[in-house]
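# Architecture and fold: a report
Single-letter residue listing:
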Amino acid sequence: MSQLNNNIITNYLNSLVMKNVLYSLICVSLVWLASSCGSSETKSGEATAETAANTGGQEAVIDDVSQKDVVKIAVGSADHTTLVAALKQAQYVDDISNAGPFTVFAPTNDAFAKVPKETLDDLMKDENRAALQNILEYHVAVGVYRQEYLNDGQTVGMANGQNVTIHLNGDKLMVNEANVIATIPASNGLIYVVDGVLLPPAK
Amino acid sequence: MKNLIILLLLALVTTIGCKPKSGVSVATGDAASKVYVAPGTYDEFYNVVSGGFSGQMAIYGIPSGRLFREIPVFSADPETGWGYTEETKGMLMTSHGFVPWDDLHHPALSTTKGIHDGRWAFGNANNTPRIARIDMKTFKTVEIIELPNSSGNHSSPFITENTEYTVAGTRFSSPPDYQGSNPDVSINTYKENFKGYISFVSVEKESGKMDVAFQLQIPPLNTDLARAGKGPSHDWFFFSCYNSEQAFTLLEVNASQKDKDFILAVNWKKAEEYAKSGKGEMKNVKYAHNYYDESTHNTISEIKEQVLVLDPKELKDVLYLIPCPKSPHGCDVDPTGQFIVGSGKLAALIPVFSFDKIQKAIAAKDFEAEYDGIPVLKYESVLHGEVQKPGLGPLHTEFDDKGNAYTSFFVSSEIVKWNVQSLQVLDRVPTYYSIGHLCVPGGPTAKPWGKYVIAYNKITKDRYLPTGPELTQSAQLYSIEGDKMELLLDFPTTGEPHYAEAIPADLVQGNSVKIFKIEENNHPYAAKGEKEAKVFREGNKVHVVMSSIRSHFVPDNIEGVKIGDEVYFHVTNLEQDWDVPHGFAVKGADNAEMLIMPGETATIKWVPNRVGVFPFYCTDFCSALHQEMQGYIRISPAGSNIPLTFSTGKVAVESTK
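This structure is a prediction, so every number in the text was calculated from the model and none was measured.

### A short note on the overall build of chain A
- Scanning chain A for helices and strands turns up seven helices and seven strands.
- Tracing chain A from N to C terminus, the helices and strands come up as α-α-α-α-β-α-α-α-β-β-β-β-β-β.
- Per-residue burial over chain A gives 33% buried out of 203 residues.
- Within chain A, contacts between residues separated by at least 24 positions form 67% of all contacts whose residues are at least 6 apart in sequence.

Below, the structure written as structure tokens:
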């Protein structure tokens, strides 16, 4: 990551953004439509008036007994505020609160800080949601890829349809060019804390 | 003669004018909005409904009628593996051996000071007499106790006001089974050799653990239903009975001869005193007591060998008989504890007895006769009054929070609302069809929650899409908020619903267990982490100590098992996440599959009978990679030298011999 030129990243991200503007516009409108439909569907029935309808997804389930899922762990981590903000902006909080299981490569705030601020700000705009989603999907694999089951050079298919490459040297685990600096088990999978943002290879 | 009866019945029906209109929907226009529970919102009440011949209990939401869960109680269950797994087989053990199917008629929800406390539900096994306790935190059956000297445990498991006792009365009197009695007698010696028994099963205040505290030996009657007193009548329990004729054949005719049978008034507080002061006789019997330990996820099953029997003929102030017209079925006590309602199945009126008058009559020895050495109170002396011409075939009565009673009528298929004080009939509604029990939320307690009455019907004929000769049984929900009862909803039920209770959701839902903590799992074959997974041999027994977590088993490759081996798959669900059970099934399983709750260990026994490689897999759609959650076990011929090995992924673990 560090050896990559910031300009290259910026250009690359911008191209992703451009490619996806139309798509994101459609997505955003659809989401808006859906949510406005949802809000008009207020609950009725006095029998249940004391119980609020669950209009959120699985992330809204109230459960302080179960082991924390990957979202709850990220939300509780001071080192992952940028990631959580991005997940929220991408509307992926609900998805990775699902039964999964997931392997999540979770870049720290420091890792995101290596991305130019302007680029990040752009990605956080509603019209660029699809680009942000694509990047975040490149950090999530469906399945639990524990270190003891990984091999050096192995590729892992990520949620966006592209692969990352695992580098395993003794106990030292890397994904693409990012170092895994911590491993956190979650109820619905596994979090590898990484020191770099993973960039989907240009197609 | 027969024609005359039919004519009379017809005349009655016509006068009462209550025959339901066949197949007509009488729900009013806004009924739907009153039962609509919007997606994602909760019902107001849990409805705990007996499954009858299914032997299970089911949990529905009220007012929606949605089915949430079927709780296995007295029958082996093809959903969870209850009664099939090594851990739960013991719950269905009895002195007769393993009984995999029974008939559950009545739930009873625990109360404190006569008010629902949301802790336990009790249920009766009608056939092989037992009482079960279900923990309302896990909705699991955690204890089953068998009742010696008992047959046809119908007047059960009704409970005292503070759940001090749950009771069990014999529906079928029979020769007692204690040691020293002779059970091998001719059936026509019924009057001399058959006895009835009423068991008082104590319930430990904190743990809920049950014990047969004492039994009353009574004449050979058919005790039918029961209710505890409350408030002023707290120390008393009332049981209905039929067959005071003591018939032992063709009861349909021979047990319907007398004008009156009895309600048995039992002073259980007095009986308890006698039991504690050693006034009874300890009898040697055999009965099973099974207790499910949440820590080891295993059943502790023991055979108990003694029971204390009290004889009310000698202990004079324990039992009194109240004459009650025509084979009483329901025997219900109003919320004040002052009035006892007897519902004679064949009676044309409903007598309501006064607890105060019963006490006065007992004090004054105002008896009309003795029946088998038991004093019979004078009907007129203890009567509060009669509900005249209420309907045909009264069965059961529940109460609301406004002083009203609701009685079900099987023959005239209706619910009749009447006032307990004035005995005036206030309203009647048809049910579709042939109602048995009915339920008002909190209806049998000192504090009815009111709002609804639910009918549990025996016959549905044209009410639902037909499904061959056997149709669904059903419940019908009526609003009782206004002066008139209003039909809101029909909903189908599983099994045959007999009695049911409904309890406000907020007394139960907050206590619901989400997971079993893996660190508190003391199962002897638990794999509390994947590193604890192993396979080992004890003679011809192969123990597979297996873990499951999204989305793999450890181990998932097993070799070295041979024909002649018995394989025990002990599967621990390592998940610590609500609503994520895993399942387990192996090809050729001759026993069952099973579900394992988060943090729990469960075991299925498999005796492979052919050589080959057999897949096993998770049967509960647990995750996106559920289909990948599988493994193989290789079975080799008897005498093969293949070493016992097991592994998952690239790490192969050596045999532990």
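Now that the structure is up, let's keep going.
### As for the overall build of chain B
- A count of helical and extended segments in chain B gives seven helices and 46 strands.
- By the compact-globule yardstick of 26 Å for 657 residues, chain B fits well, its C-alpha radius of gyration being 27 Å.
- Here the C-alpha coordinates of chain B stretch approximately 85 × 65 × 45 Å along the principal axes.
- Looking at the 657 residues of chain B, the share that counts as buried comes to 55%.

### Observations concerning the sheet that holds strand E26 (residues 394–399) of chain B
All names here are of chain B.
- In spatial order, the strands read E26-E27-E28-E29; together these four strands make up an open sheet with antiparallel pairing. Each edge of the open sheet carries a strand with a single partner, namely E26 and strand E29 (425–430). Neighbour to neighbour, the strand axes of the sheet diverge by 20 degrees on average, direction disregarded.
- Across six bridges, the pairing between strand E27 (residues 404–409) and strand E28 (residues 414–419) is antiparallel. Across the sheet, Asn-404 pairs through a bridge with Asn-419, a residue of E28.

### Points about the confidence of the model for chain A
Residues and elements named next belong to chain A.
- For chain A, the mean per-residue pLDDT works out to 80, and 73% of the residues sit at or above 70.
- Within the model, pLDDT remains below 50 along residues 1–10, and this stretch shows 14 contacts once partners closer than five positions in the same chain are excluded.
- Per-residue pLDDT stays below 50 along residues 12–51; that stretch engages in 47 contacts with residues further than four places along the chain or on separate chains.

### Focus: the environment of Asp95(A)
- Note on placement: Asp95(A) falls in the loop between helix H4 (81–89) and strand E1 (102–107).
- What makes Asp95(A) buried here is the crowd of 20 C-beta atoms within 10 Å.

### Things to note about the sheet that holds strand E13 (residues 210–218) of chain B
Residue and element names in this part refer to chain B.
- Pairing is mixed across the open sheet formed by ten strands, whose spatial order is E6-E7-E8-E9-E17-E18-E13-E12-E11-E10. Whereas interior strands pair on both sides, the edge strands pair on one side only; in this sheet they are strand E6 (104–112) and strand E10 (153–155). Neighbouring strand axes in the sheet, compared pairwise and without regard to direction, differ in orientation by 30 degrees on average.
- Both E6 and strand E7 (residues 115–125) contribute to a ladder of six bridges, which runs antiparallel. Residue pairing across strands places Leu-109 opposite Ala-121, the latter belonging to E7.

### A few points about helix H6 (residues 355–363) of chain B
Residues and elements named next belong to chain B.
- Phe-355, Ile-358 and Ala-361 are the residues of H6 that are buried. Viewed along the axis of H6, the buried residues span an arc of 120 degrees, placing them on a single side of the element.
- Here the buried face of H6 lies against strand E16 (260–267), strand E19 (319–325), strand E21 (339–344), strand E22 (349–354), strand E24 (374–377) and helix H7 (379–382).
- Residue Lys-365 follows H6 closely and has a positive phi angle near 50 degrees.

### So, unusual backbone geometry
- A cis amide bond, omega 0 degrees, links Arg550(B) with the succeeding residue Ser551(B).
- Secondary-structure assignment places Ser551(B) in the loop between strand E36 (541–549) and strand E37 (552–554).
- Cis geometry is found at the peptide bond from Val554(B) to Pro555(B), where omega equals -5 degrees.
- Among the secondary structure elements, Pro555(B) is positioned in the loop between E37 and strand E38 (557–562).
- Positive phi, close to 60 degrees, is recorded for Gln91(A), a residue that is not glycine.
- Among the secondary structure elements, Gln91(A) is positioned in the loop between H4 and E1.
- What makes Gln91(A) partly exposed here is the crowd of 15 C-beta atoms within 10 Å.
- A positive phi angle, close to 55 degrees, is found at His297(B), a residue other than glycine.
- As for its placement among the helices and strands, His297(B) is situated in the loop between strand E17 (281–293) and strand E18 (298–310).

### Points about the environment of Gly57(A)
All names here are of chain A.
- Turning to its location among the elements, Gly-57 is positioned in the loop between helix H2 (21–40) and helix H3 (70–75).
- Sequence spacing of Gly-57 and Leu-136 is 79 residues, and the spatial spacing of their C-alpha atoms is 19 Å.
- In contact with Gly-57, not counting residues within four places along its chain, are Asp-94 and Ser-97.

### Re the environment of Ile322(B)
All names here are of chain B.
- Within the fold, Ile-322 resides in strand E19.
- In this structure Ile-322 comes out as buried when scored by C-beta crowding, with 27 C-beta atoms within 10 Å.
- Between the C-alpha atoms of Ile-322 and Ser-75, which are 247 residues apart in sequence, the distance is 37 Å.
- If near-sequence neighbours (up to four positions away) are discounted, Ile-322 is found in contact with Phe-262, Ile-263, Ala-265, Phe-353, Ile-358, Leu-377 and Val-382.

### Here's the deal with H4(A)
All names here are of chain A.
- Taken residue by residue, H4 has Leu-83, Ala-86 and Leu-87 as its buried positions. The buried residues of H4 occupy an angular sector of 100 degrees when projected down its axis, which confines them to one face.
- Residues of H4 that are buried sit in contact with H3, E1 and helix H7 (129–137).
- One or two residues past the end of H4 sits Gln-91, with phi positive at roughly 60 degrees.

Conventions adopted
- Residues numbered from 1 in each chain as written.
- Chains lettered and ligands numbered in written order.
- Predicted model: local features only at pLDDT ≥ 70, side-chain atom pairs only at ≥ 80, totals over all residues.
- Helix = DSSP H or I, 4+ residues; strand = E, 2+ residues; numbered from the N terminus.
- Buried ≥ 20, exposed ≤ 12 C-beta atoms within 10 Å, placed from the backbone.
- Contact = placed C-beta atoms within 7 Å.
- Rg over C-alpha atoms; globule rule 2.2 N^0.38 Å.
- Pairing = 2+ DSSP bridges.
- Axes fitted to C-alpha atoms, helices over the stretch in contact; angles between N-to-C directions.
- pLDDT = per-residue confidence, 0-100.
- Arc of directions from axis to C-beta.

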